[in-house]
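Here's the letter readout for the chains.
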Amino acid sequence: MIPLLTLNTPLFIKWYITGRCNLRCKHCYLSSYHGEGSLTQILNIVDELAEIGVKDINFLGGEPLIRKDLEAIVRHTAASGVHVKIGTNGTLLTKKRVESLLSAGCYDFQISIEGMNAEINDEIRGANSFHKAMTGVKRLLDKNANTEIAMTLNQKNFNSIFGFCQSIYASGIRKVKFSVFMPLGSGALESRNLMLNTEHISTIKKEISDINRAFPDLIVLGAFNPASVITHDPMTLGCGAGTSTMVINNDLTVSACDLWTDVDRTERKIEKKGDIIDIWKNDELFNKWRRINPENNNTKFNEVHEHGCHILYMQYNKNIFEG
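Residues numbered from 1 in each chain as written. Predicted model: local features only at pLDDT ≥ 70, side-chain atom pairs only at ≥ 80, totals over all residues. Heavy atoms only, no water.

Engineer: I tried to follow the sheet that holds strand 1 (residues 12–16) on my own but got confused; where do I start?
Structural biologist: Pairing between the strands of a sheet comes from backbone hydrogen bonds, and it takes one of two forms, parallel or antiparallel. Strand order across the open sheet formed by 9 strands is 7-6-5-4-3-2-1-8-9, with mixed pairing between neighbours. The strands lining the two open edges of the sheet, one partner per strand, are strand 7 (219–221) and strand 9 (254–255). With 5 bridges connecting them, strand 5 (residues 146–153) and strand 6 (residues 175–180) associate as parallel partners. Bridge pairing in strand 6 places T152 opposite S179. Here helix 2 (residues 70–79) sits on the sheet in contact with strand 2 (56–60) and strand 3 (83–88), set at roughly 150 degrees to strand 3. (Pairing = 2+ DSSP bridges. Helix = DSSP H or I, 4+ residues; strand = E, 2+ residues; numbered from the N terminus. Contact = heavy atoms within 4.5 Å. Axes fitted to C-alpha atoms, helices over the stretch in contact; angles between N-to-C directions.)

Written out as structure tokens, the structure is:
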């Protein structure tokens, strides 16, 4: 078993600042779409995160752009010296909103799109979502914002990723991240229609090899790309869940993994100064992700951080990237 490193404080935060969302994607790993912290609560937490040395906050949802005070949150975070990134479905990126978010201090955006055209994407994300998202992408690129595309691979889109990359490359995108559908949250209802199998994975690996050759300056992230897979040193932070990264949920509870927040979150909420460090250092949820107190652990976590994404490993009952 590879020795596991854990930082004294988290460096990276993924923060679901709202549960509200204007879409209902079939593959979504969340199941609740309501609830959020107040602006005052969020700004106070940002202050503490900056104070303990957090370097990067990725604001997620739901759909973060639903919050009318997002610019105030971004401005306060950036002014605190913390790098800001926003993960969005892109459909609410009006010209005015792009300009105001850039002005507030966010220059990095990840847009989720599930296919090379509306036929593929909209079956998963909903009617007209492709056109709206791609319009948002163009508005970001027109303002020279750092823009990457995220795609969740599933039965509906796995065999079109070369064309997808061809399309986004032509639009000016130079970074794409591929993740894998997992039957979590609302997505559990679509398991039969979206879950990948061994044949699908072989096709994906071949297409990504072709993409690397055809577009050498396109950065392809995700475990499907051999160049981006974590290589383990004698000691490792693993995927970062609970070792370098903390997830703050929309109700201000805390998780280690951003994919498993529906079922794996602390009972405690961040309510006062000092809670963040106390939860990070002492909560049993984080001990589980660090292989501490194994006698209290679910045996499914005995090999956590040994094979990339542990939740993916559990959902597919194997390391689907081997072989």
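Engineer: For this particular structure, what's the right way to read the packing of helix 1 (residues 39–52) against helix 9 (residues 275–282)?
Structural biologist: Packed helix pairs are characterised by how far apart their axes lie and by the angle those axes make with each other. Helix 9 packs onto helix 1 with a crossing angle of 60 degrees between their chain directions and a minimal axis gap of 10 Å. Relative to helix 9, helix 1 is oriented oblique. Contacts from I45, E48, L49 and I52 of helix 1 reach helix 9 at D275, I276 and I277. Along the lines of polarity and charge, the residues of the contact of helix 1 with helix 9 split into 5 nonpolar, no polar and 2 charged. (Parallel < 35°, antiparallel > 145°, perpendicular 65-115°, else oblique. Nonpolar A, V, L, I, M, F, W, Y, C, P; charged D, E, K, R; others polar.)

Engineer: Is there a simple way to think about the packing of aromatic side chains in this case?
Structural biologist: The final tally for this structure, using the stated rule, is 7 aromatic pairs. Here the aromatic rings of W15 and F59 are separated by 5.9 Å at their centres, their planes lie at 45 degrees, and the arrangement is tilted. Pair noted here: W15 is in strand 1 and F59 is in strand 2, with a separation of 44 residues, a long-range link. Pair check on accessibility: W15 and F59 agree, each one buried. Taken together, the ring pairs in this structure connect F162, Y169 and F215 into an aromatic cluster. (Phe/Tyr/Trp six-rings, centres within 6.5 Å; stacked < 30°, edge-to-face > 60°. Buried < 20%, exposed > 50% of the residue type's maximum accessible area, 1.4 Å probe, protein only.)

Engineer: Would you mind going over the pattern of salt bridges with me for this structure?
Structural biologist: For side chains of opposite charge, pairing can occur when their charged atoms come near one another. Inspection of the entire model under this criterion finds 18 salt bridges. With a closest N to O distance of 3.4 Å, K156 and E123 form a salt bridge. You can see K156 sitting in the loop between strand 5 and helix 6 (161–171) and its partner E123 sitting in helix 4 (residues 118–125), a full 33 residues away along the chain. Classification of K156 by relative accessible area gives partly exposed; the value is 35%. Through salt bridges with shared partners, one network takes in R268, K272, D275 and D278. (Salt bridge = Lys/Arg side-chain N within 4 Å of Asp/Glu carboxyl O.)

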